[in-house]
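Each chain is listed here by its residues.
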Amino acid sequence: MSRPRPLPLDPIAEAHRQWTGHGWSDVADGMAAVTSLVRAQQIVMARVDEALRPTGLTFSRYELLMLLSFSKTGGLPMAKASARLQVHPTSVTNTVDRLEAAELVKRVPHPSDRRATLIEITDAGRELVARATTELNRKVFALPGLPPDRLHTLLQLLAEFRHAAGDFDSGDDPARWEPAEQ
């Protein structure tokens, strides 16, 4: 991926300066944090999109295929997939529609609940998600942009942020990130 030419100044730092100069210093740090998170997400998604482009998958389709590949049976109820991916059921339905059209998943009746539908990954879906994972591991996950100790700090901070926002409930304490064993 060709990297864009860096700007001669940090636009978020400049926005922070402007916020402070306009009398909003009490919220300038919050504005800079939110804006930095949004910009970081844009950078990361550009890398993910480039790595996935040869597979034809979007990240949401990749996530669903990985979720199914990690399940014991290769299938999950639509509602459970929606909950685990933390997206609206309509989004899962749209993603399944596209993956089913590409013959990467199939819908099957739930064996014990006539109201529910299972999504099952196909062999072609398993092959494609394995190839996509190899590319993401090589091009994105292996090079996240921070050294391991700083990455651990970032994971901890983001877990605290997500916990405080109600993203998950693990009791009084958010998840504790331990460095992965090498």
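Read on for an overview of the structure. Since the model is a prediction, treat every value here as computed from it, not as a measurement.

Some points on the pairing of strand β3 (residues 117-121)
Pairing analysis gives three bridges linking strand β1 (residues 75-77) to β3, with the strands arranged antiparallel. The residue bridging proline 77 from the neighbouring strand is leucine 118, located in β3.

Quick word on the pattern of salt bridges
This structure, assessed with the given rule, holds seven salt bridges. Here arginine 138 and glutamate 135 are joined by a salt bridge, their closest N and O atoms 2.9 Å apart. Here arginine 138 and its partner glutamate 135 are both found in helix α6 (residues 123-141), three residues apart, which amounts to about one turn of the helix. One network of salt bridges, in which partners are shared, links Asp97, Glu100 and Arg107.

Notes on the sheet that holds strand β2 (residues 105-109)
Spatially, three strands are ordered β1-β3-β2 in an open sheet, and the strand pairing comes out antiparallel. Strands with a single pairing partner mark the edges of an open sheet, and in this sheet they are β1 and β2. Adjacent strand axes in the sheet meet at a mean angle of 30 degrees when their direction is disregarded. Pairing between β2 and β3: five bridges, direction antiparallel.

Topic: the packing of helix α3 (residues 59-70) against helix α4 (residues 78-85)
At a minimum axis distance of 11 Å, the contact between α3 and α4 shows a crossing angle of 115 degrees. Note on packing geometry: the crossing formed by α3 with α4 is right-handed. Of the residues in α4, those in contact with Glu63, Leu64 and Leu67 of α3 are Ala81, Arg84 and Leu85. Here the contact of α3 with α4 is composed, by residue class, of four nonpolar, no polar and two charged.

Things to note about α6
Inspection of α6 places Gly125, Leu128, Val129, Ala132, Thr133, Glu135, Leu136 and Val140 among the buried residues, and these make up the whole buried set. Among the structural elements, α2 (25-52), α3 and β3 are those in contact with the buried residues of α6.

Observations regarding α2
Compared with the 40 Å implied by 1.5 Å per residue over 28 residues, the 41 Å span of α2 between its first and last C-alpha is a close match. Elements that come into contact with the buried residues of α2 comprise α1 (11-21), α3 and α6.

Each value, and the rule that gives it
Each chain has its residues counted from 1, running along the sequence as written. Selection of residues for local features in this predicted model requires a pLDDT of at least 70, selection of side-chain atom pairs for listing and counting requires 80 or more, and totals for whole chains, interfaces and linings are taken over all residues. As a convention, hydrogens and water are excluded, and side-chain values are obtained from all of the structure's heavy atoms. Paired strands, in this sense, are two strands between which DSSP finds at least two bridges. Elements are defined by DSSP. Helices are runs of H or I of four residues or more, strands are runs of E of two residues or more, and each kind is numbered from the N terminus. In what follows, salt bridge is the name for a side-chain nitrogen of Lys or Arg lying within 4 Å of a carboxyl oxygen of Asp or Glu. Fitted lines through C-alpha atoms give the axes, limited to the stretch in contact for helices. The angle between two N-to-C directions lies from 0 to 180 degrees. Rotating anticlockwise by less than a right angle from the far helix to the near helix defines a left-handed crossing, while the corresponding clockwise rotation defines a right-handed one. Contacts between residues were defined by any pair of non-hydrogen atoms, one from each residue, lying within 4.5 Å. Gly falls in the polar group here, along with every residue not listed as nonpolar (Ala, Val, Leu, Ile, Met, Phe, Trp, Tyr, Cys, Pro) or charged (Asp, Glu, Lys, Arg). For each residue, the accessible area found with a 1.4 Å probe, counting protein chains only, is set against the maximum for its type, and the residue is called buried under 20%, exposed over 50%, and partly exposed in between. The span expected for a helix works out to 1.5 Å for each residue beyond the first.

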